[in-house]
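Letter by letter, the chains look like this.
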Amino acid sequence: MRERLAKLIALGTAGLIVGLVLLFGWHQQFRVQQAAQQVDPAAWADLFPLHYESYMRSVELTGEPEDKLEANPFRRLAWAGNAFSLEYNSARPHYFSQIDQQNSRRVNEREQPAGCVNCHAAETPDLIAEYGWEGLHGMQYNDLRDQLHVGSSCRDCHDPADMSLRITRPAFIEAMAYLDIDVNRASRREMRSYVCAQCHVEYYFEPDNNELRMPWTEGLRLDDMEAHFDAIGFSDWQHAETGADMIKIQHPEFELHSQGVHAEEGISCADCHMPPVQVGGMQISEHWMRSPMDQMETACMNCHRGDADRLAARTGRVQQNTLRQLANVEDALTDLIQAIVAARENGASDAELTEARQAHRSAQMRWDFIDAENSTGFHASQEARRLLSDALQIAREGEQSINQETSD
Ligand code: HEC
Ligand code: HEC
Ligand code: HEC
Ligand code: HEC
Ligand code: HEC
């Protein structure tokens with residue numbers, strides 16, 4: 001009798017515990033889902049205080065952005081006639097994505113399409129739901145300004161049901177389908193790059209409807225993107241000095257990384273930019289995404305043996321080499337631009353300038369791909385070297401084509 005009672009009590013207690021665990025789990029999930037209704041990362045702070053603090057730590061520790069036009073005046077010449085010649089700054093952490101966009105002269109002095117919000121506002125999925133994909137892209141950025149408050153948020157990358165990684169940006173899903181990749185079937189390792197590739201990629205707006213696209217129908221290398229742009233006869237703007245039809249490349253981190261040794265080793269963006277950190281006795285993934293060079297012990301040294309200083313020096317040499325090559329291409333592009341301007345002043349016809357203008361487009365696209373990419377060649381150093389030596393040659397040949405045309 002007493003035994004049966006003890007058994008009953010034990011069963012009852014176990015049942016109660018299971019019930020409580022289930023209830024707690026359900027409650028937890030309910031809270032996550034509720035938080036997900038809110039774009040503000042602060043709504044997730046209760047449940048994931050360490051992640052929220054990690055994300056927010058960037059705010060106090062980040063200064064004003066660097067003026068990249070002052071840092072290298074060639075950029076103004078390169079982008080003459082394009083909004084980038086008005087203002088171009090160094091990137092800051094995700095908290096600032098919407099703030100920096102709203103403050104840029106590129107949106108305040110030029111009308112920009114609504115497609116700009118895709119990678120700069122956590123409200124984007126709600127806006128797509130409200131206006132539809134086509135409807136949203138038919139608007140202007142300034143029409144939406146008042147509805148944008150949060151740069152990047154937890155729900156951009158996490159499924160609130162179970163916190164797994166997810167893709168929330170339709171343009172990336174479509175662009176990966178050009179490459180026959182179904183992102184819904186991605187492995188966890190792949191997702192640790194794909195969440196970033198929603199935004200850290202080259203993009204353009206479709207001319208007739210301003211819809212956001214990635215130029216990947218031919219592949220991810222710059223040469224493939226050039227083939228795509230040439231095939232559809234696309235240009236972002238006409239160069240104010242040379243009259244060439246130009247392409248402006250922007251932050252192609254995913255594309256360049258995909259050509260590098262680290263990608264070949266199966267290393268994802270998060271491995272270097274979100275290394276494990278110890279906080280409050282717990283290990284979490286760093287959520288202040290920034291340069292890995294001040295966290296090399298956790299980001300690099302589990303693969304690279306030996307001294308972090310030596311690896312830093314080796315990394316520095318890769319970047320110095322890129323900077324040297326970029327400067328050589330800038331000299332060649334400056335000469336080419338000046339030669340085209342001089343030829344125009346001397347009455348050269350459009351037909352006589354076709355080859356030189358084509359060279360300007362093609363060489364500058366390669367220079368821009370490495371200049372706009374934010375690792376100074378590190379993400380794929382051999383590919384960077386190849387593209388910059390191609391750029392140098394194309395620019396020099398373009399200049400020669402003018403001398404030939406005008407001496408005929
Ligand atoms: C496909 C995603 C994507 C789209 C679309 C996009 N951006 Fe960005 N933007 C980024 C990323 C990633 C960065 C950070 C890397 C960098 O600065 O190169 C950035 C940085 C910026 C910055 C800060 C640095 C700078 O360039 O001064 C501004 C301002 C900006 N974007 C404005 C715009 C405007 C205006 C548009 C629309 C014409 C736009 N963005 C569309 C992804 C995007
Ligand atoms: C929703 C779009 C979006 C996603 C997703 C995204 N980024 Fe960004 N990222 C940006 C924008 C926009 C900026 C520039 C913000 C600014 O300058 O105000 C940026 C800035 C950065 C910076 C520069 C920070 C600094 O202080 O220099 C790094 C590093 C970075 N992102 C890495 C990543 C990594 C790694 C991932 C994936 C784990 C990722 N990003 C996912 C849009 C995105
Ligand atoms: C093997 C490690 C590694 C991997 C993998 C990697 N990066 Fe980087 N990344 C770096 C290094 C090193 C730099 C240069 C930082 C510097 O110069 O201080 C960098 C720079 C950047 C920057 C500019 C940061 C800044 O502070 O200006 C961005 C943005 C970025 N990477 C995004 C990405 C994205 C997106 C991916 C995946 C497609 C990726 N990275 C993959 C190591 C890596
Ligand atoms: C740009 C994408 C991105 C954003 C934004 C982001 N995360 Fe993450 N988060 C990741 C990645 C990548 C991982 C690693 C997941 C993996 O390896 O499966 C991760 C992991 C996590 C984990 C699992 C434990 C860990 O540390 O690995 C939690 C919890 C989490 N994030 C919470 C948050 C919260 C809360 C926010 C908002 C304050 C946030 N994340 C914003 C990309 C992001
Ligand atoms: C998961 C392993 C792994 C991680 C993490 C990793 N690397 Fe590497 N890295 C490799 C391998 C493998 C190679 C190719 C063999 C070699 O050159 O040592 C390589 C090559 C390099 C090279 C020479 C490549 C070139 O282009 O010349 C540099 C520099 C480098 N890594 C720096 C870093 C830095 C800095 C970090 C951290 C931000 C890092 N690595 C993180 C595995 C890794």
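One can find the structure itself at the top, above this paragraph.
It should be emphasised that the depicted structure is a prediction, and the values quoted were computed from it without experimental measurement.

What counts, and at which threshold
Residues numbered from 1 in each chain as written. Chains lettered and ligands numbered in written order. Predicted model: local features only at pLDDT ≥ 70, side-chain atom pairs only at ≥ 80, totals over all residues. Heavy atoms only, no water. Phe/Tyr/Trp six-rings, centres within 6.5 Å; stacked < 30°, edge-to-face > 60°. Helix = DSSP H or I, 4+ residues; strand = E, 2+ residues; numbered from the N terminus. Buried < 20%, exposed > 50% of the residue type's maximum accessible area, 1.4 Å probe, protein only. Salt bridge = Lys/Arg side-chain N within 4 Å of Asp/Glu carboxyl O. Contact = heavy atoms within 4.5 Å. Donors = N, O, S within 2.8 Å, 3.2 Å for Na, K, Ca; no water. Core = buried A, V, L, I, M, F, W, Y, C linked by side-chain atoms within 4.5 Å. Axes fitted to C-alpha atoms, helices over the stretch in contact; angles between N-to-C directions. Parallel < 35°, antiparallel > 145°, perpendicular 65-115°, else oblique. Left-handed = near helix turned anticlockwise from the far one by under 90°. Nonpolar A, V, L, I, M, F, W, Y, C, P; charged D, E, K, R; others polar. 1 Å grid on protein atoms, 1.4 Å probe; cavity = no way out; pocket = protein on both sides within 12 Å on 5 of 7 lines; lining within 4 Å. Points joined across faces, edges and corners; volume = space filled by probe spheres on them. Near = heavy atom within 4 Å. Polar contact = N/O pair within 3.5 Å; in protein donor to acceptor, adjacent residues only side chain to side chain. Lys, Arg positive; Asp, Glu negative; His and termini not counted. Tetrahedral: all angles 85-135°; square planar, octahedral: opposite > 155°, others 65-115°. Arc of directions from axis to C-beta.

Here we come to the packing of aromatic side chains. If you walk through the whole model with that rule in mind, you get 15 aromatic pairs. Look at Phe-172 and Phe-254: their rings are 6.2 Å apart centre to centre, the planes differ by 80 degrees, and that puts the pair in the edge-to-face class. Remark: Phe-254 occurs in helix α14 (residues 253–257) and Phe-172 occurs in helix α11 (residues 170–178); sequence separation between them is 82 residues. Phe-172 sits in the buried class, given a relative accessible area of 0%. Overall, Phe-254 belongs to the buried group, its relative accessible area being 9%. Among the aromatic side chains, those forming a connected cluster through ring pairs are Phe-74, Trp-79, Phe-84, Tyr-88 and Trp-367.

A separate point is the pattern of salt bridges. Any two side chains of opposite charge can pair, given that their charged atoms come close. Under the definition given, this model contains 24 salt bridges. Salt-bridge contacts for Glu-286 lead to Arg-57; the nearest nitrogen and oxygen are separated by 3.2 Å. Of this pair, Glu-286 sits in the loop between β6 (282–285) and α17 (296–299) while Arg-57 sits in helix α2 (residues 49–61), placing them 229 residues apart in sequence. For Arg-57, a relative accessible area of 35% translates into the label partly exposed. The residue Asp-224 makes a salt bridge to Arg-221 at a minimum N-O spacing of 3.7 Å.

Let's shift gears to the environment of Arg-192. Within the secondary structure layout, Arg-192 lies in helix α12 (residues 188–197). Residues Arg-192 and Cys-269 lie 77 residues apart in sequence; the distance between their C-alpha atoms is 6.3 Å. For Arg-192, the residues in contact, after removing those within four places along its chain, are Leu-165, Ser-268, Cys-269, Ala-270 and Asp-271.

Put simply, a metal with four donors set out as a tetrahedron has ideal angles of 109.5 degrees, and one with six donors set out as an octahedron has ideal angles of 90 or 180 degrees. With respect to protein ligation, the iron atom of ligand 1 binds only His-120 (NE2), at 2.0 Å. Secondary-structure assignment places His-120 in the loop between α6 (105–108) and α7 (124–131).

Of all hydrophobic cores here, the largest spans 73 residues; its most connected members are Phe-172, Trp-216 and Phe-254. Setting aside chain neighbours within four positions, we find Phe-172 in contact with Ile-167, Val-183, Tyr-194, Ala-197, Gln-198, Met-214, Trp-216 and Phe-254.

Okay, the packing of helix α13 (residues 222–231) against helix α19 (residues 350–372) next. Direction vectors running N to C along α13 and α19 enclose 140 degrees, while the axes themselves pass 11 Å from each other. Relative to α19, α13 is oriented oblique. Crossing handedness for the pair α13 and α19: right-handed. Taken together, the residues of α19 that come into contact with α13 (itself represented by Leu-222, Asp-223, Met-225, Glu-226, Phe-229 and Asp-230) are Gln-358, Arg-361, Ser-362, Met-365, Arg-366 and Phe-369. Partitioned by chemical class, the residues of the contact of α13 with α19 number five nonpolar, two polar and five charged.

On to empty space enclosed by the protein. Per the stated rule, a full pass over the model turns up one cavity of 30 Å³ or more. Roughly 40 Å³ of internal volume is contained in the largest cavity. Tyr-55, Ser-58, Pro-93, His-94, Tyr-95, His-287, Trp-288 and Met-289 are the residues that line the largest cavity. Of the residues contributing to the lining of the largest cavity, the split by class is five nonpolar, three polar and no charged.

A few words on the site of ligand 3. If you check the shell around ligand 3, you find 19 residues, and the closest are Cys-269, Cys-272, His-273, Ser-291 and His-379. Contact between ligand 3 and Gln-319: an oxygen atom at 3.0 Å from a side-chain N or O atom of the residue. Elements represented by at least two residues in the shell around ligand 3 include exactly α14 and α16 (269–273).

Here Glu-255 is to be found in helix α14. In this structure Glu-255 is buried but unpaired, with Arg-221 as the nearest side chain of opposite charge at 12 Å. Among the polar contacts made by the side chain of Glu-255, one reaches the main-chain amide nitrogen of Glu-202 at a distance of 2.9 Å. If we skip the residues at most four places from it in the chain, Glu-255 touches His-200, Val-201, Glu-202, Trp-216, Leu-220, Met-225 and Phe-369.

Time to look at the coordination of the iron atom of ligand 4. For the iron atom of ligand 4, every protein donor is listed as His-158 (NE2) and His-287 (NE2), and the spread of their distances is 2.0 Å. Classification of the site at the iron atom of ligand 4 rests on its six donor atoms, whose angles at the metal span 89 to 180 degrees, yielding the label octahedral. Here the residue His-158 occupies a position in the loop between α10 (154–157) and α11, and His-287 occupies one in the loop between β6 and α17, the gap between them amounting to 129 residues. Both residues of the pair, His-158 and His-287, belong to the buried class.

It is at 10 Å that the axes of helix α18 (residues 308–345) and α19 come closest, and there the two elements cross at 155 degrees. By the angle between their axes, α18 is roughly antiparallel relative to α19. Crossing hand, α18 versus α19: left-handed. Across the interface between the two elements, Thr-322, Leu-326, Val-329, Glu-330, Leu-333, Leu-336, Ile-337, Ile-340, Ala-343 and Arg-344 of α18 pack against Leu-353, Ala-356, Arg-357, Ala-359, His-360, Ala-363, Gln-364, Trp-367, Ile-370 and Asp-371 of α19. Considering only residue class, the contact of α18 with α19 consists of 13 nonpolar, three polar and four charged.

Those residues of α11 not exposed but buried are Ala-171, Phe-172, Ala-175 and Met-176. Burial along α11 is one-sided: seen end-on, the buried residues are contained in an arc of 130 degrees. Buried residues along α11 sit in contact with α8 (133–137), α12, β2 (212–213) and α14. Count one or two residues on from α11 and you reach Asp-180, which has phi positive near 65 degrees.

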